[in-house]
Amino acid sequence: MAGANPFAQFQKSFSLNGTTYKYFDLSSIDPNYSHLPYSIRVLLESAVRNCDNFYVLEKDVQNILAWSPNLKQGQNDVEVSFKPARVILQDFTGVPAVVDFAAMRDAVLKLGGDPEKINPICPADLVIDHSVQVDFTRSPDAVTKNENLEFERNKERFTFLKWGARAFNNMLIVPPGSGIVHQVNLEYLGRVVFEEGSGNTKLLYPDSVVGTDSHTPMINGLGVLGWGVGGIEAEAVMLGQSISMLLPEVVGYKLVGKLGPLVTSTDLVLTITKNLRQLGVVGKFVEFYGPGVAELSIADRATIGNMSPENGATVSFFPIDENTLAYLRQTNRSEEKIEVIRQYLKETGQLRDYNNVSQDPKYSQTLELDLSTVVTSVSGPKRPHDRVAVADMKGDFQSCLVNPVGFKGFAIPPETLSAAGQFQWDDGKSYTIRHGSVVIAAITSCTNTSNPSVMLGAGLLARKAVEKGLSVMPYIKTSLSPGSGVVTYYLQESGVIPYLEKLGFDIVGYGCMTCIGNSGPLDDNVVNTIEKNGLVCCGVLSGNRNFEGRIHPNTRANYLASPLLVIAYAIAGRVDIDFETEPLGVGPNGEKVFLRDIWPTRSEIQDVESKHVIPAMFKEVYGKITLGSEDWQKINVAESKLYPWNSDSTYIKHPPFFDGMTRELSPLKSIQNARCLLFLGDSVTTDHISPAGSIARNSPAARYLSERGLTPRDFNSYGSRRGNDAVMARGTFANIRLVNKLVSKTGPRTIHVPSNEEMDVFDCADRYREDGTPLVLIAGKDYGSGSSRDWAAKGPLLLGIKAVIAESYERIHRSNLVGMGIIPLQFLPGQNAETFNLNGREVFNITIPEIELKPGQKIQVEANGTVFDTIVRFDTEVDITYYKNGGILNYMIRKMFA
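Read on for an overview of the structure. Owing to the predicted nature of the structure, the values given are computational and were not obtained by experimental measurement.

Let's talk about helix 7 (residues 265-279)
Taking 1.5 Å per residue as the helical rise, helix 7 with its 15 residues ought to reach 21 Å, and the 21 Å between its terminal C-alpha atoms agrees with that figure. Looking at helix 7, one finds that the buried residues are Ser265, Thr266, Asp267, Leu268, Val269, Leu270, Thr271, Ile272, Thr273 and Leu276. Backbone geometry just after helix 7 places Gly280 at a positive phi near 95°.

With respect to empty space enclosed by the protein
One pass over the full model with this rule turns up 3 cavities of 30 Å³ or more. The volume enclosed by the largest cavity comes to roughly 80 Å³. Around the largest cavity, the lining residues are Tyr38, Val42, Val192, Pro206, Asp207, Gly223, Leu225, Phe317, Pro319, Ile320, Leu345 and Gln350. The class makeup of the residues in the lining of the largest cavity is 9 nonpolar, 2 polar and 1 charged.

Observations concerning the layout of surface pockets
Quantified by volume, the second largest pocket comes out at close to 1,400 Å³. Lining the second largest pocket are 47 residues, and of these Leu797, Lys802, Met820, Gly821 and Gly886 lie nearest its centre. Counting only elements with at least two residues in the lining of the second largest pocket, the list comes to strand 26 (671-679), helix 25 (725-731), helix 26 (761-771), helix 27 (791-799), strand 30 (801-806), helix 29 (877-884) and helix 30 (888-895). Of all the elements, helix 26 adds the most residues to the lining of the second largest pocket, at 5 residues. Within the lining of the second largest pocket, the residues separate by chemical class into 23 nonpolar, 14 polar and 10 charged.

Some remarks on the sheet that holds strand 5 (residues 124-127)
Spatially, 6-5-4-9-10 is the arrangement adopted by the 5 strands of the open sheet, whose pairing is parallel. Looking at the sheet topology across the chains shown, the edges are occupied by strand 6 (171-174) and strand 10 (225-228). With strand direction ignored, the average angle separating the axes of adjacent strands in the sheet is 15°. Together, strand 5 and strand 6 form the strand contacts of helix 4 (residues 142-167), whose direction differs from that of strand 6 by roughly 145°. Relative to the sheet, helix 6 (residues 231-238) contacts strand 4 (86-90), strand 5, strand 6 and strand 9 (208-211), its axis offset from that of strand 4 by approximately 140°.

Comments concerning the packing of helix 14 (residues 452-467) against helix 15 (residues 485-493)
Packing of helix 14 against helix 15 leaves a shortest axis separation of 10 Å and a crossing angle of 40°. It follows that helix 14 is oblique to helix 15 by the angle criterion. When the axes of helix 14 and helix 15 are compared, the crossing they make is right-handed. When helix 14 is examined against helix 15, the residues Pro452, Met455 and Leu456 are found in contact with a partner set consisting of Val487, Tyr490 and Leu491. In terms of residue class, the contact of helix 14 with helix 15 is made up of 6 nonpolar, no polar and no charged.

Quick look at the side chain of Asp207
Within the fold, Asp207 resides in the loop between strand 8 (201-206) and strand 9. At 2.9 Å, the side chain of Asp207 and the side chain of Arg86 are in polar contact. For Asp207, the side chain forms a polar contact with the main-chain nitrogen of Arg191, separated by 2.7 Å. In this structure, Asp207 is in contact with Ala85, Arg86, Gly190, Arg191, Val192, Val193, Phe194, Val224 and Leu225, ignoring residues within four places of it in sequence.

Some remarks on the nonpolar core
Counting 159 residues, the largest nonpolar core has Leu43, Trp227, Leu677, Phe733 and Tyr783 as the members making the most contacts within it. Here this core gets 10 residues from one element, more than from any other, and that element is helix 3 (residues 91-110). If we ignore the near neighbours within four places in the chain, the residues touching Tyr783 are Leu680, Val684, Ile689, Phe733, Leu777, Val804, Ala806, Ser808, Tyr809, Glu810, His813 and Leu817. Counting residues in hydrophobic clusters, the runner-up holds 143 residues, among them Leu270, Leu325, Val390 and Val439.

Overview of the side chain of Arg352
Along the chain, Arg352 turns up in the loop between helix 11 (335-347) and strand 15 (365-370). Assessed through its relative accessible area of 3%, Arg352 is described here as buried. Polar contacts involving the side chain of Arg352 include one to the side chain of Asp360, which spans 2.4 Å.

Topic: the packing of aromatic side chains
Going through the model one piece at a time under the given rule, you end up with 34 aromatic pairs. One aromatic cluster is present, built from ring pairs that chain together Phe101, Phe160, Trp163, Phe168, Tyr643 and Trp645. Over the aromatic face of Phe679 sits the side chain of Lys741, whose NZ or CZ is 5.1 Å from the ring centroid.

A look at the environment of Asn63
Checked against the element boundaries, Asn63 lands in helix 2 (residues 58-65). According to the relative accessible area criterion, Asn63 is partly exposed, its value standing at 23%. Each C-alpha atom, one on Asn63 and one on Ala165, is 39 Å from the other, the two residues being 102 residues apart in sequence. The contacts of Asn63, once residues within four sequence positions are left out, are Val78, Glu79, Val80 and Leu247.

Looking at the environment of Asp360
Among the secondary structure elements, Asp360 is positioned in the loop between helix 11 and strand 15. For Asp360, a relative accessible area of 24% translates into the label partly exposed. Counting along the chain gives 44 residues from Asp360 to Ser316, while the straight-line C-alpha distance between them is 16 Å. If near-sequence neighbours (up to four positions away) are discounted, Asp360 is found in contact with Tyr289 and Arg352.

Considerations on the sheet that holds strand 26
Spatially, 7 strands are ordered 26-29-30-31-34-33-32 in a closed barrel, and the strand pairing comes out mixed. Mean inter-strand twist for the sheet, computed between neighbouring axes without regard to direction, equals 40°. Pairing of strand 30 with strand 31 (residues 823-827) involves 4 bridges; the strand directions are parallel. The residue of strand 31 that forms the bridge with Ile805 is Leu825. Of the strands in this sheet, strand 26 and strand 29 (775-778) touch helix 26, which is tilted by about 170° from strand 26.

A few points about the pattern of salt bridges
Should the charged atoms of two oppositely charged side chains come close, the side chains can pair. Enumeration over the complete set of coordinates arrives at 41 salt bridges. With a shortest N-O distance of 3.4 Å, Arg191 and Asp125 are connected by a salt bridge. Remark: Asp125 occurs in strand 5 and Arg191 occurs in the loop between helix 5 (181-189) and strand 7 (193-196); sequence separation between them is 66 residues. With a relative accessible area of 25%, Arg191 lands in the partly exposed category. Its relative accessible area of 4% is what places Asp125 among the buried residues. Between Lys781 and Glu807 there is a salt bridge, with the nearest N and O atoms lying 3.3 Å from each other. Linking Lys781 in the loop between strand 29 and helix 27 with Glu807 in the loop between strand 30 and helix 28 (811-819), this pair joins segments that are 26 residues apart in sequence. If you follow the salt bridges from partner to partner, you end up with Arg703, Arg749, Glu758, Asp760 and Asp763 in one network.

Conventions adopted
- By convention here, each chain's residues receive numbers from 1 onward along its written sequence.
- Local features in this predicted model are restricted to residues of pLDDT 70 or higher, and side-chain atom pairs are both shown and tallied only at a pLDDT of 80 or more, whereas totals for entire chains, interfaces and linings draw on every residue.
- For the side-chain quantities, the full set of heavy atoms in the structure was used; hydrogens and water were omitted.
- Only DSSP runs of H or I reaching four residues or more are called helices, and only runs of E reaching two or more are called strands; each is numbered from the N terminus.
- For a helix, the expected span equals 1.5 Å multiplied by the number of residues minus one.
- Between buried and exposed lies partly exposed: a residue is buried under 20% and exposed over 50% of the maximum accessible area for its type, with that area taken using a 1.4 Å probe on protein chains only.
- A 1.4 Å probe that fits but cannot get out identifies a cavity on a 1 Å grid over protein atoms alone, an open set with protein on both sides within 12 Å along at least five of seven lines counts as a pocket, and a residue lines either if it has an atom within 4 Å of a point.
- Grid points are joined across faces, edges and corners, and a volume is the space filled by probe spheres set on the points.
- Throughout, the ten residues Ala, Val, Leu, Ile, Met, Phe, Trp, Tyr, Cys and Pro are labelled nonpolar, Asp, Glu, Lys and Arg are labelled charged, and all others, Gly among them, are labelled polar.
- Should DSSP find at least two bridges between two strands, the strands are taken to pair.
- Here the axes come from fitting lines to C-alpha atoms, over the contacting stretch only for helices, and the angles between their N-to-C directions go from 0 to 180 degrees.
- Contact criterion: two residues are considered in contact whenever any of their non-hydrogen atoms come within 4.5 Å of each other.
- We call two directions roughly parallel when the angle between them is under 35 degrees, roughly antiparallel when it is over 145, roughly perpendicular when it lies between 65 and 115, and oblique otherwise.
- Should the near helix be turned anticlockwise from the far one by less than a right angle, the crossing is left-handed, and should it be turned clockwise, the crossing is right-handed.
- Identification of polar contacts relies on pairs of N or O atoms within 3.5 Å, with a donor-acceptor requirement for protein atoms, meaning one able to donate a hydrogen and the other able to accept it, and with residues adjacent in sequence counted only if both atoms are side-chain atoms.
- By nonpolar core we mean a set of buried residues, namely Ala, Val, Leu, Ile, Met, Phe, Trp, Tyr and Cys, connected to one another through side-chain atoms within 4.5 Å.
- Put simply, two rings from Phe, Tyr or Trp (the six-membered ring, in Trp's case) pair if the centres are within 6.5 Å, and we call them stacked under 30 degrees between planes, edge-to-face over 60, tilted for the rest.
- Look at NZ for Lys and CZ for Arg. If either is within 6 Å of the ring centre and within 35 degrees of the ring normal, a charge sits over the ring.
- We count a salt bridge whenever a side-chain nitrogen from Lys or Arg sits within 4 Å of a carboxyl oxygen from Asp or Glu.

Functional significance is not addressed by these values, which are geometric in nature.
Right, here's the structure in full:
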């Protein structure tokens, strides 16, 4: 179990303003420290500070200290433990975490303990931002109407989360309508350096974070190391546990020069995204260095950090410099706090001077970008890293129309290239759309709405456009969804809101909207015209993802662009335009207006930003961040520390994870007379396993909801019902692309072997449950690859799966299986199901030692007389501890009584 910290002697201190601040002096442990990338130094500090030789081992510290540019993934992998300083959640993924914590309190009470001791150990912040949809646009009250609908659709979830905000300590919940999780994280929640303790003695350490949203890496622009994880890892961190990770390669990305006067940070991030995708940085850290970094604002850096999932990196990290500290001042962090941060960073060698070459660390590999070579760009039509220079956009789109179907092709037949359709609008006029017509133009997403330069730039462009007499066609669905109230504040103060509204860009809400698919419906006239004529119409958005079908079913082509270009393409009404030679429109006096006539320079934008983006705005907005809207304030919740579960609820349900739990550990038992629920092949992803997307009308989940009086229009999505285990269990393995060797067709079906009856996966599992039959799952290589999803482990547990036997596992999914009490077994090297002629119809017996269970030992499996060894993928003693307890949540409950 946990012991004393063997590195305690390396703790030092300094005094400032009457307070003694302690910290770990890493440079005194090993001289190699000064050569480590700054991002690796954060991992090292966490390992040193948290070393207890149980969760975090001395070996972890030594492995991180030994980080080398020669480290190569897949060749000399090194696994280490990491304890982030905090967790950040958004509402879709945060609800299951709060459900689990509420259920843990009930379990503790049943076992005779104090339920109020169940609280997040690690600070957790939950921002409600994924629920609002763009139903209403182009009116001053659009934001109110959309937020009213948001509350109508999600009141039950909001009530539950508001209860959680009051019931749990160390958990902050930011109400809906406040902003996007990543922007709130950047402007308010990010600490940069943590202070732990009270009184006149405090411990300092770097801020770091894991979050249940893939764009958590945005915070790396502030010098805070952070990335996205699945729900189980997040809950583990909230419970004070470490997470396991492979020590990464670190790619050094050198920036030199300056951006041109007409180039935006969006153009830069799209360029970097394409470059890194071409290089190949999946699973790696990217760390920026060079004098060009000093030319970028923190908002510019955050824009780059935000698109780490799109460029493939785990993080795009910017070490802290004086610009970072200036940003803290601008966003109303106190001078006293900033002084402490600066002193700590100096003492620990973590304050970066990008112009000082002697501070450059060693990297696994490097690449360089001259900022002056960046040109105005968009990305699309189907992927974030398919950058297109705006100068080439017309020709590129025309090529995409005729190219074979693919990421850059729609295969439009030559005879229909000139297809067009007309429709009548409410103004009585007739409008024509064709291939390339813009029907959605959205200034949205955490990527750009956090950046004053591009938001104010869009406002200035709008003002000039209106003054030139330009307008936007009324059928184009235009919207502006700021990332926080601060954005609205400085847009109002700078006087550009009326011009944005004149072009149709009214504020429609605060949250993750068009970019995540919450674009709302298009007008039926537009939809019918598109569908009748087979048109490739377009969405243009300032987001980070444009995968096919994500933005809207009727926008087959979607382009990521700066907020300025979103407005420009909206005015043009089409994407197949050459801005250099073709005018945006014609003014009232008949003069042609080109994009260059209304485009603001960086210096113009910076002048407005310096006047109107001030600390007082951040103080006012974030001073009342937890109050929420009137609707939020009107929600009445129970004051009880135990949640009053509603048995009729289809959104929030008490999970069965702790049913029958006792204080004492039960002896480990072998798995006897098990059946195979699914017999799968290679590369089964968490998307195949975890419930996602809409709920099909003929699915077990739909039947469950229908039985409770809901109609299909009220089914909502699996994401919105993550707090109901009954829905999620029924949606596990419900992917229509699932290939199960027990059945002949692709889809969520399997065979109940004793009866030889084919049925839905959940129904089959339920039949086995009624018979008391345990289940196993057989898979090939890389089982559980893809994004980490908590229900990819929770769901199989609820189906009754006790063990998975696979050729290999994705690292995090293996950990998640253990975290839920499922045993991961791995065929010996060179062996698989075919080696033993398994067909999935056998009866399986798995011998599990009651006492001497060790990491990596061989476990015997017997299937209809065939006996073979497997390797148990418990990789650490912690894994075994979790498994013996039935999972991490059960372990934490029993730990209270130890």
